[in-house]
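Here's the letter readout for the chains.
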Amino acid sequence: MTTLLVIAKEPRPGRVKTRLTPPFTPQEAAALAEAALTDTLRAVAATPARRRVLVLDGTPGPWLPPGFDVVPQATGDLDERLADAFANCDGPALLIGMDTPQVTPALLPVDFEGCDAYFGPAEDGGFWALGLATPDPGLLRGVPMSTPRTGAVQRARLVAAGLRVRELPPLRDVDTAQDAEAVAAAAPGSRFAAELRRLTPVGRR
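None of the values given here were measured: they were computed from a predicted structure.

(A) Molecular detail of the pairing of strand β4 (residues 93–96). In β4, alternate side chains face the same way, and those of Ala93 and Leu95 on one face and Leu94 and Ile96 on the other are all buried. With four bridges connecting them, β4 and strand β6 (residues 127–132) associate as antiparallel partners. Residue pairing in the sheet places leucine 95 in a bridge with leucine 130 of β6.

Shown next as structure tokens:
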């Protein structure tokens, strides 16, 4: 079976979802981040897996469900931290972030028979999921992160290594208030959507 990895930041005000501020306050942005992380972890917890790992920058909180191993993120840029997450896996692994609370257990089971990698593109040009049958940190190191070309460069890296790549459905990351509204509309029953409904952006008061 596959190891499922979630890479995340502890949802503390001023440290997460800073592009939501404004219109949200840092406290509101952190509340939305916690809701997104909760939805993500619940989806992973409901997915069959060999192992579930939270690769965390910070300290676990009450939002962490049982059944997860928690390991600290490595230091360095995001490509190094993602590479390190895969380096600690000894078999097939799928890594996702905390920015797609609309993810469901139906999207996460991956079968590497007939392929070597899974790639989940994000609508902003990045990627929301990356799966490797044989984890190789070198496939991520040096990929420019948080740019409109990140996903294309990462996918090209996989293909150049001779890997057979399967695509996962594209999802939208939550970075801006507009993203938050679109994602909440796509997953109206999520905790994230409920939290967004509860909050009133500062600019609309």
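(B) Layout of unusual backbone geometry. Along the chain, threonine 21 connects to proline 22 via a cis peptide bond; the corresponding omega equals -15°. Residue position: proline 22 is located in the loop between β1 (3–9) and α1 (26–45). Cis geometry is found at the peptide bond from proline 22 to proline 23, where omega equals 15°. Within the secondary structure layout, proline 23 lies in the loop between β1 and α1. With phi around 50°, lysine 17 is a residue other than glycine that occupies positive phi space. Positionally, lysine 17 belongs in the loop between β1 and α1. Unlike most non-glycine residues, serine 146 shows phi in positive territory, near 60°.

(C) Spatial organisation of the side chain of glutamate 195. As for its position among the elements, glutamate 195 is in helix α5 (residues 191–198). When its relative accessible area of 12% is taken as the criterion, glutamate 195 is described as buried. In this structure glutamate 195 touches Ala31, Leu32 and Ala35, once residues within four positions along its chain are discounted.

(D) Up close: the sheet that holds β6. On the basis of which strands lie adjacent, the open sheet formed by seven strands has the order β3-β2-β1-β4-β6-β5-β7 and mixed pairing. Looking at strand neighbours, the two that pair on one side only are β3 (69–72) and β7 (165–167), the edges of this open sheet. Here the average twist between neighbouring strands, direction ignored, is 20°. Relative to strand β2 (residues 51–57), β1 runs parallel, the two sharing seven bridges. Among the inter-strand pairings, threonine 3 is bridged to a residue of β2, identified as arginine 51.

(E) Broad picture of the packing of aromatic side chains. Enumeration according to the criterion identifies two aromatic pairs in this entry. Their ring planes at 85° and their centres at 5.3 Å tell us that phenylalanine 112 and tyrosine 118 sit as a pair that is edge-to-face. Assessed through its relative accessible area of 13%, phenylalanine 112 is described here as buried. Consider the rings of phenylalanine 119 and phenylalanine 127, whose centres lie 5.7 Å apart with planes at 45°: the pair is tilted. Taken individually, phenylalanine 119 and phenylalanine 127 each receive the classification buried, so the pair is uniform in this respect.

(F) Quick look at the environment of leucine 168. Structurally, leucine 168 is set in the loop between β7 and α4 (177–186). Of the residues examined, leucine 168 reaches a relative accessible area of 9% and is grouped as buried. Put simply, leucine 168 and phenylalanine 119 are 49 residues apart on the chain and 5.8 Å apart in space, counted from C-alpha to C-alpha. What leucine 168 contacts, discounting residues up to four positions off in sequence, is Leu94, Leu107, Tyr118, Phe119, Gly120, Pro121, Trp128 and Ala129.

(G) Summary view of the side chain of aspartate 79. Within the secondary structure, aspartate 79 is located in helix α2 (residues 78–87). No salt bridge forms around the buried aspartate 79; measuring N to O, its nearest opposite-charge neighbour arginine 141 is 6.7 Å away. Once residues lying within four places of it in the same chain are set aside, the contact partners of aspartate 79 are Leu140, Arg141, Gly142, Val143 and Met145.

Here is what the cut-offs are and how they apply
- Residues numbered from 1 in each chain as written.
- Predicted model: local features only at pLDDT ≥ 70, side-chain atom pairs only at ≥ 80, totals over all residues.
- Heavy atoms only, no water.
- Buried < 20%, exposed > 50% of the residue type's maximum accessible area, 1.4 Å probe, protein only.
- Helix = DSSP H or I, 4+ residues; strand = E, 2+ residues; numbered from the N terminus.
- Pairing = 2+ DSSP bridges.
- Contact = heavy atoms within 4.5 Å.
- Axes fitted to C-alpha atoms, helices over the stretch in contact; angles between N-to-C directions.
- Phe/Tyr/Trp six-rings, centres within 6.5 Å; stacked < 30°, edge-to-face > 60°.
- Lys, Arg positive; Asp, Glu negative; His and termini not counted.
- Salt bridge = Lys/Arg side-chain N within 4 Å of Asp/Glu carboxyl O.

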